[in-house]
Protein chains: 4
Amino acid sequence: MIKVGVVGGTGYTGVELLRLLCCHAEAEVVTITSRGDAGTAVADMFPSLRGRVDLDFVAPADADLERCDVVFFATPNGIAMQQAAGLVAAGVRVIDLAADFRIRDVALWEKWYGMQHAAPDLVAEAVYGLPELNREAIRGARLVANPGCYPTAVQLGFLPLIEAGVIDPSALIADAASGASGAGRKAEVRTLLAEASDSFQAYGASGHRHLPEISQGLSGMAGARVGLTFVPHLLPMVRGIHATLYGRITREADFQALFEQRFADEPFVDVMPPGRHPETRSVRASNLCRIAIHRPQDGDVVVVLAVIDNLVKGAAGQAVQNMNIMFGLDEREGLDGVPVSP
Amino acid sequence: MIKVGVVGGTGYTGVELLRLLCCHAEAEVVTITSRGDAGTAVADMFPSLRGRVDLDFVAPADADLERCDVVFFATPNGIAMQQAAGLVAAGVRVIDLAADFRIRDVALWEKWYGMQHAAPDLVAEAVYGLPELNREAIRGARLVANPGCYPTAVQLGFLPLIEAGVIDPSALIADAASGASGAGRKAEVRTLLAEASDSFQAYGASGHRHLPEISQGLSGMAGARVGLTFVPHLLPMVRGIHATLYGRITREADFQALFEQRFADEPFVDVMPPGRHPETRSVRASNLCRIAIHRPQDGDVVVVLAVIDNLVKGAAGQAVQNMNIMFGLDEREGLDGVPVSP
Amino acid sequence: MIKVGVVGGTGYTGVELLRLLCCHAEAEVVTITSRGDAGTAVADMFPSLRGRVDLDFVAPADADLERCDVVFFATPNGIAMQQAAGLVAAGVRVIDLAADFRIRDVALWEKWYGMQHAAPDLVAEAVYGLPELNREAIRGARLVANPGCYPTAVQLGFLPLIEAGVIDPSALIADAASGASGAGRKAEVRTLLAEASDSFQAYGASGHRHLPEISQGLSGMAGARVGLTFVPHLLPMVRGIHATLYGRITREADFQALFEQRFADEPFVDVMPPGRHPETRSVRASNLCRIAIHRPQDGDVVVVLAVIDNLVKGAAGQAVQNMNIMFGLDEREGLDGVPVSP
Amino acid sequence: MIKVGVVGGTGYTGVELLRLLCCHAEAEVVTITSRGDAGTAVADMFPSLRGRVDLDFVAPADADLERCDVVFFATPNGIAMQQAAGLVAAGVRVIDLAADFRIRDVALWEKWYGMQHAAPDLVAEAVYGLPELNREAIRGARLVANPGCYPTAVQLGFLPLIEAGVIDPSALIADAASGASGAGRKAEVRTLLAEASDSFQAYGASGHRHLPEISQGLSGMAGARVGLTFVPHLLPMVRGIHATLYGRITREADFQALFEQRFADEPFVDVMPPGRHPETRSVRASNLCRIAIHRPQDGDVVVVLAVIDNLVKGAAGQAVQNMNIMFGLDEREGLDGVPVSP
């Protein structure tokens with residue numbers, strides 16, 4: 001049994017990790033920390049876990065994380081970078097669900113995240129945990145930077161087109177929308193039900209923290225710096241990310257076949273038949289990414305539709321997938337739940 | 001492997017059966033019928049099942065249900081009563097998720113359901129499939145009448161109080177509310193999103209088909225005819241039933257202990273600690289019923305709050321639980337998914 | 001033109017007052033205060049008011065409320081009781097949308113609201129602003145205690161039955177549900193969209209602050225202390241209150257006629273025809289209360305269904321109605337908007 | 001008083017017309033037709049109109065529409081084209097809320113709408129009722145083609161940019177999303193609450209009927225055929241359209257000023273300050289279009305965010321605005337309701 005520690009378990013990615021790991025045959029959560037709620041039973045805060053999780057939250061100082069085989073950081077940005085080095089040195093593998101190790105350019109990271117990086121040396125070692133792109137590197141990684149939710153959907157959707165060089169990499173547009181759980185479980189006026197329900201709006205249109213992460217990823221695929229416009233929106237619903245991606249065609253190709261071939265062996269990417277429009281609910285509570293490809297009016301624009309559950313493939317599920325890869329397990333272990341729909 | 005047939009798989013209880021049975025280690029769906037959609041791939045109609053269910057819907061005439069060990073009817077009312085006798089005679093066990101065999105008084109059934117019963121003799125043999133009440137009878141049953149969604153929540157909530165004889169059985173009030181999936185997957189104006197979202201209303205206040213079913217069950221527990229007022233409401237959400245039950249106390253008791261003892265060995269009933277209010281989402285996509293007990297102002301009324309997922313414990317999950325009991329399996333098999341929350 | 005001041009305008013009742021008063025022909029908001037947001041333009045905080053409200057929030061100390069003809073307190077509980085005496089002494093009429101003056105028994109108020117009352121003498125003078133019950137007293141009032149949202153719906157629904165003495169006043173049950181705007185515009189985890197959407201739960205089942213207010217009102221109607229069980233629920237939607245009321249019939253009557261007669265001249269109470277079930281959306285954004293009466297199975301229980309918009313008839317609209325009455329205007333002025341449905 | 005007839009009043013645009021016209025000082029609905037519901041009281045079908053609308057639906061044959069000054073067609077596509085000629089000939093002015101007269105190229109219309117046009121000659125006479133573009137022509141029009149919902153938002157959002165010639169007209173992208181009321185009030189599985197709530201998806205990505213309407217409008221502004229990619233999405237909410245528009249900058253300009261100047265005198269277009277993101281709820285139930293302009297990362301793409309209420313500025317409200325213009329009234333008459341938010 002892999003001994004798992006979770007740091008910062010009171011947010012949505014933390015509770016989702018617990019939900020998934022409950023059904024994992026080869027991993028067991030042995031400790032879960034919380035600065036503010038130490039002593040509280042996990043199942044008291046999250047009644048959905050009653051009868052399934054018997055742990056109490058423990059103070060970070062009491063957690064003894066070094067006895068774990070792997071530690072997940074489900075913390076706000078800026079926490080993992082302070083603790084990862086010690087754990088890695090102690091032989092504990094680390095998967096950070098926050099953004100601390102996602103951006104290779106430390107100065108760029110510091111600009112977007114508004115703080116000084118505490119472990120710039122570790123950034124170079126960290127492996128960006130998008131298995132469809134980086135599976136081999138993940139296998140041996142000591143430290144995995146789990147991708148953001150939007151970056152997962154947008155990168156998977158553009159990947160086959162950019163790798164094949166069939167669209168103009170300087171004019172990419174990613175219009176994306178997320179359920180409110182993407183904003184996390186912190187008290188804020190703007191994500192109150194009475195504010196965000198029955199309404200829709202863009203946010204961060206002039207610049208969102210996921211922009212440099214996506215740009216870095218797409219630029220890596222393209223072998224050159226891409227030009228990306230990324231506009232996120234807040235959906236009046238709980239879970240799900242939908243990305244609508246627009247690329248200007250520069251070379252003719254069978255786009256459908258391109259996607260089918262690129263993802264043929266991927267356990268969690270489903271390329272839908274031509275003409276379909278994936279719904280976010282079709283992946284709800286699962287680690288799947290479903291993708292459909294359109295070419296409106298046979299024109300010069302290709303439109304890719306990609307959906308994920310932001311808390312699963314966009315966070316906790318991908319983290320478990322990464323753990324499975326790092327420990328040589330079946331990549332699907334603990335992630336075979338069927339999407340919950342309706 | 002238990003060979004399972006599903007009749008009428010294009011509704012929500014059908015697709016939920018498929019979702020649950022995908023993860024069942026000892027049962028396999030071998031055929032699924034649809035009158036209107038024969039020839040269509042199940043996964044084309046329900047994209048959430050892509051990659052998990054490879055069956056096509058078959059016409060009822062082509063289904064060869066007699067090769068199955070068990071057949072679930074996920075049909076409108078009035079279908080199972082026509083086919084159950086033949087299947088039972090052929091040694092196939094039958095679980096009807098519709099109402100055909102729920103009411104022992106055939107005349108009463110005919111009044112509420114507006115049709116003549118096609119198999120009145122079978123009604124007497126049918127076992128009402130509420131395991132918490134009828135587990136032993138279910139074990140040997142050839143034909144199980146799977147309870148309705150409201151009846152499951154209301155009966156489980158009243159059960160310990162009525163069995164213990166501590167409330168007035170002539171003045172029971174059940175105020176309940178259901179998500180819109182309870183109305184089924186048929187095109188109707190009243191359950192359109194634009195009609196039912198961001199709104200709330202009662203319906204059937206003067207009489208709802210689940211009233212005689214609940215009354216029959218509670219009367220059985222009480223050993224005498226109960227007086228019940230039942231008002232259902234339509235919630236602006238997808239899944240979940242919440243029942244708020246009011247009983248007039250006739251004998252002092254430790255109500256909390258009463259519930260904890262009655263359900264101590266039940267795998268799917270969770271009696272919450274005093275003071276809690278179960279949320280429907282805390283059981284979403286699971287077979288659980290969570291219950292809390294209140295006694296407002298230490299007065300003479302006991303209030304029971306009970307929640308279930310209408311599609312799981314209120315339909316498909318309970319049907320699988322019944323199948324597990326009938327075939328001597330672990331009652332939890334295929335039903336150990338953790339509730340999906342948020 | 002009536003000069004209106006609003007104290008505490010950054011919550012939902014404040015913005016709703018502004019929305020309604022924009023269209024009022026004989027009243028004008030001249031000042032609006034906020035402790036935290038002084039200097040902010042109202043329309044910057046509430047974009048729905050862009051182009052319609054040109055005021056900035058002012059600090060309470062700078063508001064010069066004494067120049068107003070009437071001041072609305074749209075504040076948390078405990079503010080109006082500190083300022084009302086001075087305003088009333090200065091000849092300004094006061095309408096408090098919070099709970100400070102709703103409960104005549106000061107000790108009881110202090111118990112439920114957990115603070116000492118700052119103006120117990122004023123409590124006796126305050127008029128409870130439910131026009132359907134107290135219209136004459138409101139006309140001359142210097143200080144009106146605007147009813148709570150649940151109390152409005154529950155009292156209007158029980159009123160004809162209790163006044164006529166046809167139900168048992170010792171066994172009243174009020175099962176009610178509110179949209180999330182009823183919890184106000186403050187950052188809290190429990191009313192985040194990701195927490196409260198697609199879910200339903202009771203709260204305060206053992207005791208809610210609106211219980212003593214409702215009990216006081218119903219007891220006044222009955223001429224004796226009533227016995228009331230009140231269970232509120234949180235709906236996954238923005239606006240609307242639905243009350244389902246249960247009374248045990250003690251004397252035969254034509255219940256439908258009772259309601260129609262009692263409310264025949266009320267501009268904002270709509271008694272629906274027999275058999276109907278009012279939807280909350282049918283009163284959305286309006287000052288209406290719609291009511292339907294059922295007698296299930298011709299038994300001994302009468303069920304009343306009552307809906308209001310919690311922010312209008314349950315708060316700001318009723319406050320404007322009270323102002324209209326106090327100033328001798330047409331009671332409908334500013335309140336003739338048609339409900340917004342769908 | 002302008003005598004108004006409404007043909008086909010049982011859908012959402014019909015009921016919204018009635019809601020708005022209830023508060024119109026100079027117009028009165030004298031008749032409203034329905035093929036299927038003749039004889040039914042309008043207020044029985046739409047309880048939100050109880051006490052405000054006393055009409056019954058009448059059969060089309062009995063409606064005597066020629067006595068009206070203006071007739072609104074709130075019908076499915078293909079009805080107005082059969083009746084408009086007779087009404088116009090009789091001196092009745094016609095406003096068609098359906099698509100029959102929106103596309104000048106009759107062959108193109110027939111291709112997209114899949115039927116033969118019954119009145120091709122009238123198409124040439126019809127005025128496209130987007131007041132911000134066509135106000136003068138609308139004044140004298142006998143027949144107005146009221147724009148579609150998406151076309152209203154998309155055209156208003158692109159208008160200043162295209163008129164000023166500052167973006168590449170061959171590479172326009174319009175990513176838009178609509179609440180479910182946009183799909184109309186007809187029973188369909190895909191817009192059931194249980195299907196469309198808590199989910200999000202694109203539809204018609206390969207081609208949607210509003211594409212040729214938008215293209216025609218934008219091409220008119222540009223003076224040349226534009227290249228447009230338009231992808232609509234279905235939002236899990238009732239009302240509102242949000243358009244996110246992407247244009248490639250070809251000439252530097254002060255984009256904010258461009259919009260402010262172009263719409264300076266428009267009563268229903270609100271250009272928000274830089275940095276804002278309009279929410280659909282900020283225009284709910286109103287005739288407003290709110291627009292914000294972004295230039296992400298100071299790059300070569302301009303992003304316009306535009307929101308309307310699909311049933312008001314996207315349908316019934318714009319139709320009333322057109323009527324006001326046609327009859328020389330204040331353009332705001334009947335349309336001064338403040339948006340309902342939250």
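As recorded by an unreviewed UniProt entry, chain A carries the name N-acetyl-gamma-glutamyl-phosphate reductase and is attributed to Pseudazoarcus pumilus. The annotation that UniProt attaches to chain A under Sequence similarities (unreviewed entry) is "Belongs to the NAGSA dehydrogenase family. Type 1 subfamily."

> Looking at this structure, I do not really get the UniProt feature "active site" (unreviewed entry) in chain A. What am I missing?
Residues and elements named next belong to chain A. Sites flagged by UniProt as "active site" (unreviewed entry) map to Cys149. Its place among the elements puts Cys149 in helix α7 (residues 149-164). Here Cys149 is in contact with His210, Ile241, Ile308, Asn310 and Gly314, once residues within four sequence places are set aside.

> What's the story with the domain arrangement of chain A in this structure? I'm lost.
All names here are of chain A. Parsing chain A into structural domains produces domain 1 (2-125) and domain 2 (150-310). With centres defined by C-alpha atoms, the gap from domain 1 to domain 2 works out at 26 Å. Listed per partner, the contact involves 15 residues of domain 1 and 13 residues of domain 2. Our count for the contact surface shared by domain 1 and domain 2 stands at two salt bridges.

> Quick question: what am I supposed to make of the UniProt feature "domain: Semialdehyde dehydrogenase NAD-binding" (unreviewed entry) in chain A here?
Mapped onto the present numbering, the UniProt feature "domain: Semialdehyde dehydrogenase NAD-binding" (unreviewed entry) falls at residues 3-141 of chain A. Spanning residues 3-141 of chain A, this segment combines 35% helix with 16% strand, and its end C-alpha atoms are found 17 Å apart.

> Would you mind going over empty space enclosed by the protein with me for this structure?
With a probe scaled to a water molecule rolled over the atoms, the places where space remains empty come into view. This model, assessed by the stated rule, comprises 13 cavities of 30 Å³ or more. Space inside the largest cavity adds up to approximately 170 Å³. Around the largest cavity, the lining is made up of 15 residues, and of these Ser197 of chain A, Ser197 of chain B, Ser197 of chain C together with Ser197 and Pro236 of chain D lie nearest the centre. Its residues placed into classes, the lining of the largest cavity shows seven nonpolar, four polar and four charged. When its volume is computed, the second largest cavity comes out at roughly 110 Å³.

> Where do I start with the interface of chain D and chain A in this structure?
When the parts of a complex come together, some accessible area is lost, and that lost area is often used as the size of the interface. Between chain D and chain A, the residue contacts involve 45 residues of the former and 45 residues of the latter. When the two sides are added together, the surface that chain D and chain A hide from each other amounts to roughly 3,700 Å², 51% of it contributed by carbon and sulfur. Taken together, the links from chain D to chain A amount to four salt bridges. Remark: the boundary between chain D and chain A carries 30 residue pairs in polar contact (both at pLDDT 80 or more). Looking at the side of chain D that touches chain A, the elements with two or more residues in it are β7 (172-178), α8 (193-196), β8 (201-202), β9 (228-234), β10 (241-248) and β13 (301-308) of chain D. Its residues assigned to classes, the side of chain D that touches chain A shows 23 nonpolar, 15 polar and seven charged.

Rules of the game
Residues numbered from 1 in each chain as written. Chains lettered and ligands numbered in written order. Predicted model: local features only at pLDDT ≥ 70, side-chain atom pairs only at ≥ 80, totals over all residues. Heavy atoms only, no water. UniProt positions renumbered as here; feature names shortened; annotations may be inferred. Helix = DSSP H or I, 4+ residues; strand = E, 2+ residues; numbered from the N terminus. Contact = heavy atoms within 4.5 Å. Domains from an automatic or database assignment. Salt bridge = Lys/Arg side-chain N within 4 Å of Asp/Glu carboxyl O. 1 Å grid on protein atoms, 1.4 Å probe; cavity = no way out; pocket = protein on both sides within 12 Å on 5 of 7 lines; lining within 4 Å. Points joined across faces, edges and corners; volume = space filled by probe spheres on them. Nonpolar A, V, L, I, M, F, W, Y, C, P; charged D, E, K, R; others polar. Buried area = accessible area lost by both parts, 1.4 Å probe. Polar contact = N/O pair within 3.5 Å; in protein donor to acceptor, adjacent residues only side chain to side chain.

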